[in-house]
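Report on the structure
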Number of protein chains: 2
Amino acid sequence: MTKKSVLQQARAAYQPKLPSALWGAVKAVKGAATESVADQEEIKKLFPNTYGLPELRFEKDNEVAKKKSADKEVINIGVILSGGQAPGGHNVISGLYDGLKSLNKANRLYGFLMGPGGLVDHNYMELTGDIIDQYRNTGGFDIIGSGRTKLETPDQFEKGLEIIKELNIRAVVIIGGDDSNTNACVLAEYYKAKNAGVQVIGCPKTIDGDLKNDWIETSFGFDTACKVYSEVIGNIQRDTNSAKKYWHFIKLMGRSASHIALECALQTQPNYCIISEEVEAKNKTLNDIVAEIAQVVADRAADGNNFGTILIPEGLIEFIPAMKKLIAELNDMLAAHPEIKDMEADEQRQYVIDHLNAENAEAFASLPVAVARQLSLDRDPHGNVQVSLIETEKLLSEMVDKKLAAMKEEGKFVGKFAAQHHFFGYEGRCADPSNFDADYCYALGYNAAQLVNCGATGYMSSIRNLSKPSIQWIAGGIPITMMMNIERRHGENKPVIRKALVDLEGKPYQEFLKNRAKWAKETCYVYPGPIQYFGPDEVCNQTSRTLYYEQKGK
Amino acid sequence: MTKKSVLQQARAAYQPKLPSALWGAVKAVKGAATESVADQEEIKKLFPNTYGLPELRFEKDNEVAKKKSADKEVINIGVILSGGQAPGGHNVISGLYDGLKSLNKANRLYGFLMGPGGLVDHNYMELTGDIIDQYRNTGGFDIIGSGRTKLETPDQFEKGLEIIKELNIRAVVIIGGDDSNTNACVLAEYYKAKNAGVQVIGCPKTIDGDLKNDWIETSFGFDTACKVYSEVIGNIQRDTNSAKKYWHFIKLMGRSASHIALECALQTQPNYCIISEEVEAKNKTLNDIVAEIAQVVADRAADGNNFGTILIPEGLIEFIPAMKKLIAELNDMLAAHPEIKDMEADEQRQYVIDHLNAENAEAFASLPVAVARQLSLDRDPHGNVQVSLIETEKLLSEMVDKKLAAMKEEGKFVGKFAAQHHFFGYEGRCADPSNFDADYCYALGYNAAQLVNCGATGYMSSIRNLSKPSIQWIAGGIPITMMMNIERRHGENKPVIRKALVDLEGKPYQEFLKNRAKWAKETCYVYPGPIQYFGPDEVCNQTSRTLYYEQKGK
């Protein structure tokens, strides 16, 4: 038995709160037939059996006479954790377990190990009550592990079907992000098309917050991860406001959208926060961003404040239009001329500059030498530039330093500039879930069991009305095809769940916009402190600022 | 008014718990005359007026008839925050304020701004109740700021005396680490020698935990900082135990001792933790450490576990005897031959290797090229190698990677190795204090006011019996000279408070030693979670593991 911390022991007793609709027996109320958000004809053609399904909403079923257990059909479920960790995964599984057992004590839950690969390779374990109890309200995906294998090919689906049949599994529940839920729908369609008698249900997971839409208000884990990042950002802000000598460049996980950076900015009120979606929309260059930051530093220095904090979304580089073009041309050049990588550093740099088009050559030349070299040297197995290796936080501070030196010569900067760098990601992905995530995840899992029970497939477990107390949350299921459109991915048109980027017209961003000039100039830091589980309601049960502003007035 | 987080608002109401000895009027009970821990004759000569003073212990004074405020002499105190931030500094000041006001409502508290420099330069503010109330139970030193100016010269002391006289200040309370407390004693001696009527009292602050001895059980801030680091280390451990694909190299602040690394290891049970004091005692080389880590990685890989966590104390490099020698010779070489820094990289490297002695040349050549170059290039303003710039966590993982590649060729490593890097320091220095630090700091400050009231100077505020409930804590004062010895610093013999390194015979280290082989091979991670303020007693009021083991059985 592993040793448990005192907090873990105390927290094990927490009973997540369920929406009242899920207390006791439920009935599924069907809405009207649905359409995908775009490309309806194409999506319909690709998902003939799972397209156009109605929304489902669960209500209390007061009329149902409880059948005896013996009369009920046994339902076995297999559950999969897919992709990166997010706080609350264990509560989805414990909710699923409790929901399944509430239907019939003879039902069984199996966990496929280390992600979708466990289904294909027949690696699994039965999740019994003893095991589940060890993981209630804890962070991490270690109960069955996670993995990044993509379920995409009929061969995989057939391999999965073998073990599904062997274990008499009625449904597979896939806990994952947008891609994993897209694949869950592909799998649902495949099994339904061949009448395999296997349902597939998805659950919306990702700390990045980019899986959300009109029906899925937030993905789980976002709330907790942002609270952990905001805790340490707040601590850093206290530090710099005490020592008054450093600018802290803080990079935050999340490559495909800037929701995390925005949420942390709303929680902590830093001096500057980059929103990648804005950078792209305004066609900003790296130099534009550097100039803006340098100006903020200079303006604060003019007030005698040679310190501050800057939040940087991990995916920034890929949102800068000029960098995107540069990287695309570099990829082509290096594929066509593999000999470049064997050149001496100086020769290589000159060759690259000479052969890029003028615009890209200028962008390349403006980068610090080490970063430029990284771009022209380090490739991933597919031969692509490894943008994720670039330490954006150091790149930016180095460029700001240079810019400020130039401004100093022109008398436009009077002060000191010294930087510290941070990158937060792994620090929050497996944190113990906040009360919000603990409740939300448990409800998502419990609800998934009800979706299986009512025969649904190709649905995502949906819990809504999340800014209200959990008793008022709305439980149901949303057809996954409803969230889909056709996007170009790796040179192919694919049906995918539409990714939710930061909406520049949305209320959370607008709230940020309204305040950022003040936050830049003055010192308006807020110190959220660590997540609390036992204190006053307003301390323990606050939702993310993003969700708060999005739902405000709804 | 700055915006406060909901937790900050709720936490403001917390009333720190005082030792019962400090409830109401107190009397100071004197112990026997004291001696310094070593070099008694020399210390006595340097501190003729503050050497040999008795220990003081406060007890309830039931006999004293309370004087009316009007009859009491007014006591004004000036307080200084010195050096790096530590959680709880604001509570020392609020305790000091409350203690001072409990003696006489007419007493005043002044804060000198941005560290000891505020005393010398006459920058100060009065700390009134309104201001104090904004900072109770919060982290940071932002109430008056901190700084690293050292109070060492008579000129500074005289400048300080001007403002002290102007404000009618009876005593200066210096909140700082070992060096700041040494200087507090020098200042006390100076003012006493000239009969200036100014007392000086120190308070033991540092997250590093290296200011402790038989009379000061722990420095404040250590408890909270280690809990914050352990929270995120625990989260990282959950992550790697879920994804099972990374070795996390985690560097922890604390250059002069490894208490933080040891405490975090006891809290989280990582796979490996370097204790610099052990490295020095066993005369280990960098290659020895790399070989040990590589063996731990290989042993886990043999079990199929290609993941783990490694804790690294920030000061490691300076504890490795071979590196110390190398750096010393490099410093001399570069001072004698400044032209080296202008050489081309390859030429420089060869020159350095050719001119170092054989042992140092070997150590230099074994370093990754970039690190070696950093050693031979980057200097601080005094011309010394900037050891702190070396990213030890990356240096180690790079060397381990290389070592494993060699072991793989020999068939001694079968597995994968991929690393992630972290450095935690600023994330914890300004965290909101744990209940322990909130209480301890408040008591230190309240107690300091009593020390001033009873006329003590050259004393450190001392609160003991800390592993017991706070009501049983022992309050008093320890003559600072008692903790001193003579050490060689920057080529000079100086009287200093003896620094507390990790005691390799001590119980905390012995506890680590007993378990580390098991923690290395198996996965025994503990996940402490975030600091809690409102929950069950055992969750909110646990002391550091270091203090627990040190006090166990006492």
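The next subject is the overall build of chain A. On a plain count of helices and strands, chain A comes out with 22 helices and 15 strands. Computed over the C-alpha atoms, the radius of gyration of chain A is 25 Å, within 12% of the 24 Å expected from 2.2 N^0.38 for a compact globule of 554 residues. In terms of overall dimensions, chain A has C-alpha extents of about 85 × 60 × 50 Å along its principal axes. A buried classification covers 61% of the 554 residues belonging to chain A. Within chain A, contacts between residues separated by at least 24 positions form 78% of all contacts whose residues are at least 6 apart in sequence. When the accessible surface of chain A is split by element, carbon and sulfur atoms take 49% of a total near 21,400 Å². The averaged location of the 72 negative side-chain charges in chain A is 6 Å from the averaged location of its 64 positive side-chain charges.

Each partner contributes to the interface: chain B provides 62 residues, whereas chain A provides 62 residues. It is Arg238, Tyr426 and Glu427 of chain B that lose the most area in chain B upon contact with chain A, and together they represent 15% of the buried surface on that side. Summed over the shared surface of chain B and chain A, the number is six salt bridges. Of the charged contacts in the structure, one is a salt bridge between glutamate 391 of chain B and lysine 394 of chain A, with a shortest N-O distance of 3.0 Å. On the surface where chain B and chain A come into contact, there are 30 residue pairs in polar contact (both at pLDDT 80 or more).

Another point: helix H7 (residues 178–193) of chain B. Owing to its 3.6 residues per turn, the α-helix brings residues three or four apart onto one side. Residue and element names in this part refer to chain B. Helix length check: H7 (16 residues) gives 22 Å between terminal C-alpha atoms against 22 Å at 1.5 Å per residue, within 8%. Taken as a whole, H7 has its buried residues at Asp178, Ser180, Asn181, Thr182, Asn183, Ala184, Cys185, Leu187, Ala188, Glu189 and Tyr191. Positive backbone phi, at 55°, marks asparagine 195, one or two positions downstream of H7.

Turning to the sheet that holds strand S7 (residues 199–204) of chain A, a few remarks are in order. Each strand in a sheet pairs with its neighbour through backbone hydrogen bonds, running either in the same direction (parallel) or in the opposite one (antiparallel). Residue and element names in this part refer to chain A. Strand order in the open sheet formed by nine strands is S1-S2-S13-S12-S7-S6-S3-S4-S5, with mixed pairing between adjacent strands. Whereas interior strands pair on both sides, the edge strands pair on one side only; in this sheet they are strand S1 (26–33) and strand S5 (124–126). Neighbour-to-neighbour, the strand axes of the sheet open up by a mean angle of 25°, direction not taken into account. Where strand S3 (residues 76–81) and strand S6 (residues 169–176) come together, six bridges link them in parallel fashion. Residue pairing in the sheet places asparagine 76 in a bridge with isoleucine 169 of S6. Across the face of the sheet, helix H7 (residues 178–193) comes into contact with S6, S7 and strand S12 (459–464) while running at roughly 170° to S7.

Both copies of the chain are tied together by a single rotation about an axis and a shift running along it. The operation relating chain B to chain A is a screw motion whose rotation component is 180°, with 0.0 Å of axial translation and a residual RMSD of 0.0 Å. Look at the turn and shift together and you get a two-fold axis relating the two. A shared interface surface links the copies, since 100% of the contact residues of chain B are contact residues in chain A too.

Once that is clear, we can look at unusual backbone geometry. One non-glycine residue, asparagine 195 of chain A, lies in the positive phi region at around 55°. As for its placement among the helices and strands, asparagine 195 of chain A is situated in the loop between H7 and S7. Of the residues examined, asparagine 195 of chain A reaches a relative accessible area of 70% and is grouped as exposed. Even without being glycine, methionine 114 of chain B reaches a positive phi, approximately 55°. Tracing the backbone shows methionine 114 of chain B in the loop between strand S4 (108–112) and helix H4 (117–120). A relative accessible area of 31% places methionine 114 of chain B in the partly exposed class.

Turning our attention to the side chain of asparagine 360 of chain A. All names here are of chain A. Structurally, asparagine 360 can be placed in helix H15 (residues 358–366). At 2.6 Å, the side chain of asparagine 360 and the side chain of glutamate 329 are in polar contact. Leave out the neighbours within four places in its chain, and asparagine 360 touches Ala322, Lys325, Leu326 and Glu329.

This brings us to the pairing of S3 of chain A. Residue and element names in this part refer to chain A. Among the six residues in S3, six count as buried, and that is most of the element. Pairing of S3 with strand S4 (residues 108–112), which is carried by four bridges, proceeds in the parallel orientation. Its bridge partner being in S4, glycine 78 is matched across the sheet by tyrosine 110. In this fold, the crossover linking S3 to S4 by way of helix H3 (residues 89–103) has right-handed handedness.

According to the stated counting rule, one finds 25 aromatic pairs over all chains in the structure shown. Ring geometry for phenylalanine 249 of chain A versus phenylalanine 417 of chain A: centroids 6.2 Å apart, planes at 90°, classification edge-to-face. Within this pair, whereas phenylalanine 249 of chain A is found in strand S8 (residues 247–252), its partner phenylalanine 417 of chain A is found in the loop between helix H17 (392–409) and strand S11 (419–424), the two being separated by 168 residues in sequence. For the pair phenylalanine 249 of chain A and phenylalanine 417 of chain A, a shared accessibility class is recorded, and that class is buried. Ring-pair connections join several aromatic residues into one group, and the members of that group are Phe157, Tyr190 and Tyr191 of chain A. The residue whose ring lies beneath arginine 300 of chain B is phenylalanine 307 of chain B, and the NZ or CZ to ring-centre distance is 4.9 Å. Of note, arginine 545 of chain B hangs over the ring of tyrosine 548 of chain B, and the distance from its end group to the ring centre comes to 4.6 Å.

On to the pairing of S4 of chain A, then. All names here are of chain A. Within S4, four of the five residues are buried, which leaves it mostly tucked inside the rest of the structure. Strand direction decides the pairing type here: S4 and S5, joined by three bridges, are antiparallel. Bridge pairing in S5 places tyrosine 110 opposite glutamate 126.

Residues and elements named next belong to chain B. With respect to topology, nine strands assemble into an open sheet ordered S1-S2-S13-S12-S7-S6-S3-S4-S5, the strand pairing being mixed. In this open sheet, the two strands that pair with only one neighbour each are strand S1 (26–33) and strand S5 (124–126). Neighbouring strand axes in the sheet, compared pairwise and without regard to direction, differ in orientation by 25° on average. Pairing of strand S6 (residues 169–176) with strand S7 (residues 199–204) involves six bridges; the strand directions are parallel. Looking at S7, one finds that isoleucine 175 is bridged to cysteine 203. Each of S1, strand S2 (54–60), strand S3 (76–81), S6, S7, strand S12 (459–464) and strand S13 (474–479) touches helix H19 (residues 435–453); the most contacted strand, S12, lies at about 135° to it.

Packed helix pairs are specified by the crossing angle of their axes together with the interaxial distance, meaning the distance between the axes. Residue and element names in this part refer to chain B. Taken N-terminus to C-terminus, the directions of helix H11 (residues 286–302) and helix H17 (residues 392–409) make an angle of 65°; their axes are 9 Å apart at the nearest point. For the element pair H11 and H17, the recorded crossing hand is right-handed. Along its contact with H11, which presents Leu286, Asn287, Ile289, Val290, Ala291, Ile293, Ala294, Gln295, Val297 and Ala298, the element H17 presents Leu395, Leu396, Met399, Val400, Lys403, Leu404 and Met407. When the residues that make up the contact of H11 with H17 are grouped by side-chain class, the tally is 14 nonpolar, two polar and one charged.

The rules we used
Residues numbered from 1 in each chain as written. Chains lettered and ligands numbered in written order. Predicted model: local features only at pLDDT ≥ 70, side-chain atom pairs only at ≥ 80, totals over all residues. Heavy atoms only, no water. Helix = DSSP H or I, 4+ residues; strand = E, 2+ residues; numbered from the N terminus. Rg over C-alpha atoms; globule rule 2.2 N^0.38 Å. Buried < 20%, exposed > 50% of the residue type's maximum accessible area, 1.4 Å probe, protein only. Contact = heavy atoms within 4.5 Å. Areas by Shrake-Rupley, 256 points an atom, 1.4 Å probe, with all protein chains shown as cover. Lys, Arg positive; Asp, Glu negative; His and termini not counted. Charge placed at Lys NZ, Arg CZ, Asp CG, Glu CD. Buried area = accessible area lost by both parts, 1.4 Å probe. Salt bridge = Lys/Arg side-chain N within 4 Å of Asp/Glu carboxyl O. Polar contact = N/O pair within 3.5 Å; in protein donor to acceptor, adjacent residues only side chain to side chain. Expected span 1.5 Å × (residues − 1). Pairing = 2+ DSSP bridges. Axes fitted to C-alpha atoms, helices over the stretch in contact; angles between N-to-C directions. Least-squares fit on C-alpha atoms with pLDDT ≥ 70 in both. Right-handed = clockwise from strand over helix to strand, strands pointing away. Phe/Tyr/Trp six-rings, centres within 6.5 Å; stacked < 30°, edge-to-face > 60°. Lys NZ or Arg CZ within 6 Å of the ring centre and 35° of its normal. Left-handed = near helix turned anticlockwise from the far one by under 90°. Nonpolar A, V, L, I, M, F, W, Y, C, P; charged D, E, K, R; others polar.

None of the figures reported here should be taken as evidence of function without further support.
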